[in-house]
Amino acid sequence: MFFSQYYLECLSHASYLIADEGTGRAVVVDPRRDVSEYLRDAEARGFTVVGVINTHFHADFVAGHLEMADRTGAWIGYGRRAETEYAIRPLADGDTISLGEVTLKIMETPGHTPESISVLVYERAEDAVPYGVLTGDALFIGDVGRPDLLASVGVTAAELGAMLHDSVQHKLMALPDEVRVFPAHGAGSSCGKNLSTERQSTIGEQRATNYACAPMSEQDFVALVTAGQSAAPGYFAYDADLNRRERDLFDPASAPRALAPADVLARRAAGAVVLDARDPQEFAAGHLRGAVNVPADGRFAEQAGTVLPLGAEVLVVAPEGREDEVVTRLARIGFDRVAGYLAAPDEALEAMADEVAPATRLTAARLRAELAGAHPPVVIDVRNCGERAENGSIEGALHIALGELPARLDEIPRDRPLVLHCAGGHRSSIAASLLRHHGFDDVSDVLGGWAAWALLPAPAAA
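Worth saying up front: this structure is predicted, and the values here are computed from it rather than measured. Each chain has its residues counted from 1, running along the sequence as written. Predicted model: local features are reported for residues with pLDDT of at least 70 only, side-chain atom pairs are reported and counted for 80 or more only, and whole-chain, interface and lining totals are derived from all residues. Excluding hydrogens and water, the side-chain values take into account all heavy atoms of the structure.

## Quick look at the sheet that holds strand β17 (residues 314-317)
Moving on, step 1. On the basis of which strands lie adjacent, the open sheet formed by five strands has the order β13-β18-β17-β14-β16 and parallel pairing. One side of each edge strand has no neighbouring strand; the edge strands of this open sheet are β13 (258-259) and β16 (292-293).
Moving on, step 2. Whether two strands pair comes down to DSSP finding at least two bridges between them. Strands here mean DSSP runs of E at least two residues long; helices mean DSSP runs of H or I at least four residues long; both are numbered from the N terminus. Where β17 lies against strand β18 (residues 338-342), three bridges are found, and the strand directions are parallel. Its bridge partner lying in β18, Leu 315 is registered against Gly 340.

## Observations concerning the layout of surface pockets
Moving on, step 1. Think of a 1 Å grid over just the protein atoms. A cavity is a set of points where a 1.4 Å probe fits yet cannot get out, a pocket is an open set with protein on both sides within 12 Å along at least five of seven lines, and lining residues have an atom within 4 Å of a point. Grid points are joined across faces, edges and corners, and a volume is the space filled by probe spheres set on the points. Counted as a void, the second largest pocket has a volume near 330 Å³.
Moving on, step 2. Forming the walls of the second largest pocket are 16 residues, and the residues nearest its centre are Phe 250, Asp 251, Ser 254, Val 327 and Ala 331.
Moving on, step 3. Sorting elements by how many residues they give to the lining of the second largest pocket places helix α10 (residues 323-331) first, with four residues.
Moving on, step 4. Under the convention adopted here, Pro, Cys and the residues Ala, Val, Leu, Ile, Met, Phe, Trp and Tyr are nonpolar, Asp, Glu, Lys and Arg are charged, and Gly plus all remaining residues are polar. Class assignment for the residues of the lining of the second largest pocket results in nine nonpolar, two polar and five charged.

## Some thoughts on the sheet that holds strand β11 (residues 180-183)
Moving on, step 1. The strand order across the open sheet formed by six strands is β7-β8-β9-β10-β11-β12, and the pairing between neighbours is mixed. Two strands lie at the open edges of the sheet, namely β7 (96-98) and β12 (201-202), each paired on one side alone.
Moving on, step 2. Across three bridges, β7 lies against strand β8 (residues 103-108) in antiparallel orientation. Across the sheet, residue Thr 96 finds its bridge partner in β8, namely Lys 105.

## Here we look at a negative patch on the surface
Moving on, step 1. Patch membership is restricted to residues that have no salt bridge and whose relative accessible area is over 30%. Joining uses 9 Å for like charges and 5 Å for the nonpolar side chains Val, Leu, Ile, Met, Phe, Trp and Tyr. Only the protein chains shown count as cover for residues, with accessible areas throughout obtained via the Shrake-Rupley method and a probe of 1.4 Å. Salt bridge, as applied in this entry: a Lys or Arg side-chain nitrogen positioned within 4 Å of an Asp or Glu carboxyl oxygen. For the purpose of counting charges, residues Lys and Arg are taken to be positive, whereas Asp and Glu are taken to be negative. His and the chain ends are not included. Charge positions are represented by NZ for Lys, CZ for Arg, CG for Asp and CD for Glu. A cluster of acidic residues, Asp 279, Glu 282, Glu 320, Asp 346, Glu 347 and Glu 350, forms a negative patch at the surface.
Moving on, step 2. Looking at the negative patch element by element, the count peaks at three residues for helix α11 (residues 345-351).
Moving on, step 3. Mapped onto the elements of the fold, Glu 282 is located in helix α8 (residues 280-285).
Moving on, step 4. Summary of the burial criterion: residues with accessible area below 20% of their type's maximum are buried, those above 50% are exposed, and those between are partly exposed, where the area comes from a 1.4 Å probe applied to protein chains only. Classification of Glu 282 as partly exposed rests on a relative accessible area of 40%.

## Digging into the packing of aromatic side chains
Two measures describe an aromatic ring pair: the distance that separates the ring centres and the angle between the ring planes.
Moving on, step 1. Only centres within 6.5 Å qualify two rings of Phe, Tyr or Trp (six-membered ring in Trp) as a pair; their planes then separate them into stacked at under 30 degrees, edge-to-face at over 60, and tilted for everything else. Tallying each qualifying case throughout the model produces 11 aromatic pairs.
Moving on, step 2. On the numbers, 5.7 Å between centres and 45 degrees between planes, the contact of Phe 3 with Tyr 16 is tilted. Taken as a pair, Phe 3 in strand β1 (residues 2-8) and Tyr 16 in strand β2 (residues 13-19) lie far apart in primary sequence, 13 residues in all. Per residue, the accessibility class of Phe 3 equals that of Tyr 16, and both read buried.
Moving on, step 3. Residues Tyr 238 and Phe 335 carry aromatic rings whose centres are separated by 6.4 Å and whose planes lie at 70 degrees to one another, so their mutual orientation is edge-to-face. Separated by 97 residues along the polypeptide, Tyr 238 in helix α6 (residues 236-242) and Phe 335 in the loop between α10 and β18 bring together distant segments of the chain.
Moving on, step 4. A network of ring pairs unites the aromatic residues Phe 3, Tyr 16, Tyr 131 and Phe 182 as a single cluster.

## Quick look at the pattern of salt bridges
Moving on, step 1. Taken as a whole and assessed by the stated rule, the structure comprises 27 salt bridges.
Moving on, step 2. The salt bridge partner of Asp 34 is Arg 332, with a shortest N-O separation of 2.8 Å. Of this pair, Asp 34 sits in the loop between β3 (25-29) and α1 (36-44) while Arg 332 sits in the loop between α10 and β18; the two residues are 298 residues apart in sequence, bridging distant segments of the chain. With respect to class, Asp 34 is no different from Arg 332; both count as buried.
Moving on, step 3. Residue Glu 387 pairs with Arg 427 through a salt bridge whose shortest N-O separation is 2.7 Å.

As structure tokens, then:
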């Protein structure tokens with residue numbers, strides 16, 4: 001058996017290529033949209049990809065099933081409850097897929113979504129114990145898939161939670177301890193709240209260490225797994241729906257177009273959004289007015305999908321030489337309307353000096369001084385609930401997590417200075433740029449974020 005995991009750090013996403021080395025028949029599970037790496041590896045080993053399986057309708061990225069089928073002729077498999085605009089192979093509980101000696105067996109594990117499945121992998125058809133189980137978003141390492149993403153129209157979180165309880169407690173935990181666990185996501189994903197940085201585990205390890213795998217009632221389970229979840233990024237429902245549809249294919253050979261300054265300004269005036277993917281400090285030194293800063297070094301795709309309006313035309317300002325990368329990462333979440341990128345951004349911004357503005361970034365000490373002044377600013381904390389609960393918060397700060405910010409702009413005063421902070425200064429630059437994009441005038445963010453604030457010496461006694 002050939003078995004390979006592909007891990008995409010930006011989206012904390014794991015996908016898999018499984019093949020029988022005797023027959024050369026292979027299946028790809030939960031592929032991303034840019035499928036060239038899977039195909040390159042399959043070709044190098046003489047494998048023929050005969051099928052592509054999605055464990056569920058993913059919400060955090062656009063899966064590459066259509067691209068894979070287009071390039072290989074492979075069938076597309078989903079759990080039997082899936083309804084799509086394209087032809088699929090419905091996969092029901094107990095169905096087997098023979099690649100030769102290597103055999104896959106389907107286990108229906110609904111709960112994260114109604115159509116969710118897990119895939120048992122057997123090195124030989126006659127093996128009593130599977131080599132591993134690909135759990136999709138039903139079971140993570142250290143957590144389970146959240147049932148409250150609202151990606152499943154017509155099914156409530158409580159109904160999904162009950163399904164997930166059965167899937168985890170009665171199906172997956174019924175597997176032998178030695179079965180390896182290979183999930184679809186890892187730490188950082190918004191599909192759960194306590195995901196591990198480890199990329200594989202065993203049923204036995206999860207039984208012993210995963211809070212959601214301990215025996216408990218359905219009521220207790222649902223309450224536990226839904227508590228403390230962060231806000232889902234705004235694009236999740238859009239991607240979950242897009243994964244059901246017959247959509248345009250991603251073309252890796254279609255390079256983004258270099259745009260001259262005049263073209264960028266004209267498109268911006270017509271309503272296009274400028275997405276500046278440079279480092280926050282570079283962005284602060286000077287950026288096009290109204291640009292939204294989502295640094296390429298980080299969780300770029302998820303954060304861009306959180307703050308950019310769905311369906312908007314996008315103009316990219318990228319670090320030199322990373323234009324293709326930025327466009328591909330946007331395509332992975334279904335943001336295909338990229339008009340192009342600003343060529344030679346350093347020189348171009350100099351040429352557009354009248355349209356360039358700096359961004360104010362305060363030190364933690366400066367913020368403390370301003371809060372003690374006669375006209376203190378409004379502090380907005382854009383961290384998640386769990387971060388605040390674990391680490392503390394600035395007294396009186398308005399808490400609006402970054403994922404909730406686009407929908408809660410009306411709660412933010414426009415007649416006072418605003419200072420935003422996160423844990424370290426990355427998300428606060430994104431959030432501050434979004435407020436400026438929406439017309440807020442006096443907006444700053446904190447260099448070093450909460451980490452810098454926590455290091456300040458205690459104020460002197462009065």
